[in-house]
Amino acid sequence: MNQERSSSLFEAAREVIPGGVTSTVRAGRQPHPLYFERGIGPFMWDVDGNRYVDYVLALGPLILGHAPQVVRAAVHRQLDQDLIFGSQHPLEPEVAGLMVELVPGAEQVIFATTGSDAVAVALRLARVVTGRDLVMKFEGHYHGWLDGVFASTGFDGYDPARSGRVERPATVPSAPGIPTRAQADTVVAQWNDLESVEAILEGHRGEVAAVICEPLAVNGGVIAPDPGFLEGLRRLASANGTLLVFDEIITGFRLAPGGGQERFGVTADLAIFGKAMGGGIAVSAVTGTRAMMRPIEDGRLVHNGTFNGNPIGLSAAAATLHHLATTRDSTYPALETLGRRLGEGLAAASPRLTVRQVGSILFTAVDEPAVVRTVRDRIGGNPAVHSRFTEALLRRGVHATPRGLWYLSTAHTDAEVDLTIAAAADAAKEVLA
């Protein structure tokens, strides 16, 4: 497969962009990142003319596939009006109204631009509402790269040979450059361990403003909540006067029209949305009850941002959410069926290939247990070999992430899944035999 132009562009980029990429997560592709110039439906074409079935989907936003006509038409209409007003516009109440209809527990919505922005809004709201400072997160969960919560996104070096007992995770900065004191108000619990949560709440009685989590631990390896775990979080948070915050940046409008809250039947106090919400355009939001949003209304919480609720992003969100709402009875069952079929086909490629699938989100790894409850259960995996597996897939026209996250869109069909399953079987013979 010829990738000469991608290689040349990467070398040129390294001269003017640190590391040659504009988001660190894109740096893992070997022998170099690819450069793309076109996408339509389930396919992307790189600058050398190679076509790929795409399961990266811009890391999740493209739930309707690349360049969906319904979103393109809405954005084009808005472009003819203006790019941004810096003032209110009709799309704001329209999209907010759609979200109130779709999202459990949502009475009001505040808009931002990125996931990290929305996390900052939600946590500040929780602190104002409760008058407390501490935030509890879970090991392996990712909530953006802001200093306060960019912690313990992997695991903290726990050695299962040293102890048969899972110690409570430490608050470990996930990157250099984060001051220790920036995470002084962040405590870390173990996913799927209510005793861990209860111990922290008891040890910091009256101090924890929010418990924040991905309702499905996607970033940690698509680790589902145990039956009753989210219900237990809801109960413990309420009993301790702590707000439960669901980070639905990935799960929102992807697992169900109402996201993880609908899928798992547990309603959070605040929920954070992005990615699929905009169908490919940057936009994010926080939903909650009117009481939760009151600090913004009465001015106790300052919420600034030039691009908050920008009309381009909200035009895409309006089109995406309208489409998902009107086709929900066919769209979500079809994504579920296709996800299960892809997962089963990938798992059949090799006994070394682990597959976890929830709806249109899948995760693959090499030599990991099929069922894991915490990120620490993944310690025995072989990420280097998995990376070679995805490189082998790439040579066969399938674009997946080395880290193992796969996303499906409404544009994918059985034909693309059949091609992918065949490519996986062939790649597994090369790499996993």
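Only a predicted model underlies this, so the values are computations on that prediction, with no experimental measurement involved. Sequence order as written defines residue numbering, which begins from 1 separately in each chain. Restriction of local features to residues with pLDDT of at least 70 applies here, the model being predicted, together with a cutoff of 80 or more for giving and counting side-chain atom pairs; totals for whole chains, interfaces and linings are based on all residues. To get the side-chain values, all heavy atoms of the structure are used, and hydrogens and water are removed first.

> Would you mind going over the pattern of salt bridges with me for this structure?
Side chains that carry opposite charge are capable of pairing whenever their charged atoms lie near each other. The working definition used for a salt bridge is a side-chain nitrogen of Lys or Arg within 4 Å of a carboxyl oxygen of Asp or Glu. Enumeration over the complete set of coordinates arrives at 18 salt bridges. Of the charged contacts, one joins Asp 269 and Arg 234 as a salt bridge, the two residues approaching to 2.9 Å between their closest N and O atoms. Of this pair, Asp 269 sits in the loop between helix 7 (259–264) and strand 9 (270–273) while Arg 234 is found in helix 6 (residues 229–239), placing the two residues 35 residues apart along the sequence. One salt-bridge network, held together by shared partners, links Arg 395, Arg 396, Asp 426 and Glu 430. Counting from the N terminus, the helices are the DSSP runs of H or I reaching at least four residues and the strands are the DSSP runs of E reaching at least two.

> What is the right way to read unusual backbone geometry from this model?
What you tend to see is this: most non-glycine residues have negative phi, and most peptide bonds are trans. Backbone geometry places Leu 57, a non-glycine residue, at a positive phi of 50°. Structurally, Leu 57 is set in the loop between strand 3 (51–54) and helix 2 (69–79). Only protein chains enter the calculation, and the probe is 1.4 Å; a residue is then buried if its accessible area is under 20% of its type maximum, exposed if over 50%, and partly exposed in between. Leu 57 gets classed as buried once you look at its relative accessible area, which sits at 0%. A positive phi angle is found at Lys 275, which is not glycine, with a value near 45°. By the element assignment, Lys 275 lies in the loop between strand 9 and strand 10 (284–288). Residue classification places Lys 275 among the partly exposed residues on the basis of a relative accessible area of 25%.

> Help me understand the sheet that holds strand 1 (residues 36–40) in this model?
We treat two strands as partners when DSSP finds at least two bridges between them. Judged by pairing direction, the sheet is mixed, and its four strands sit side by side in the order 1-2-3-13 without closing on themselves. In the strand order of this sheet, the two ends are held by strand 1 and strand 13 (398–399), each with one partner. Relative to strand 2 (residues 43–46), strand 1 is paired through four bridges, and the arrangement is antiparallel. Paired with Ile 40 across the bridge in strand 2 is Phe 43.

> Got a minute to help me understand the nonpolar core in this structure?
Grouped burial of nonpolar side chains is what soluble globular proteins tend to show. Counting 31 residues, the largest nonpolar core has Val 95, Met 99, Phe 111, Phe 253 and Met 277 as its most contacted members. If you list the elements that add at least two residues to this core, you get helix 2, helix 3 (91–102), strand 4 (108–112), strand 9 and helix 9 (311–326). When residues of this core are assigned to their parent elements, the largest contribution, eight residues, is made by helix 9. Counting 28 residues, the second largest nonpolar core, distinct from the first, contains Ala 400, Ala 424, Val 431 and Leu 432. The criterion is simple. A nonpolar core is a set of buried Ala, Val, Leu, Ile, Met, Phe, Trp, Tyr and Cys residues joined through side-chain atoms within 4.5 Å.

> Would you explain the side chain of Asn 50 in this entry?
Its place among the elements puts Asn 50 in the loop between strand 2 and strand 3. Side-chain polar atoms of Asn 50 contact the backbone oxygen of Asn 2, separated by 2.7 Å. Contact partners of Asn 50, with chain neighbours within four places excluded, come to Met 1, Asn 2, Gln 3, Met 44 and Trp 45. Whenever two N or O atoms come within 3.5 Å, that pair is a polar contact, provided that in protein one can donate a hydrogen and the other can accept it, and provided that, for residues adjacent in sequence, both atoms are side-chain atoms. Two residues form a contact once any of their heavy atoms are found within 4.5 Å.

> Please clarify how helix 9 should be interpreted in this entry.
Spacing of three or four residues puts side chains on the same side of an α-helix, whose turn is 3.6 residues. How far a helix is expected to stretch is found by multiplying one less than its residue total by 1.5 Å. Spanning 16 residues, helix 9 covers 22 Å between terminal C-alpha atoms, matching the ideal 22 Å at 1.5 Å per step. Counting buried residues in helix 9 gives 12 out of 16 residues, a clear majority hidden from the surface. Residues Pro 311, Ile 312, Gly 313, Leu 314, Ser 315, Ala 316, Ala 317, Ala 318, Ala 319, Thr 320, Leu 321 and Leu 324 constitute the buried set of helix 9. On the buried face of helix 9, the contacting elements are helix 2, helix 3, strand 4 and helix 10 (328–347). Its side-chain oxygen placed 3.2 Å from the backbone nitrogen of Ile 312, Asn 310 serves as the N-cap of helix 9.

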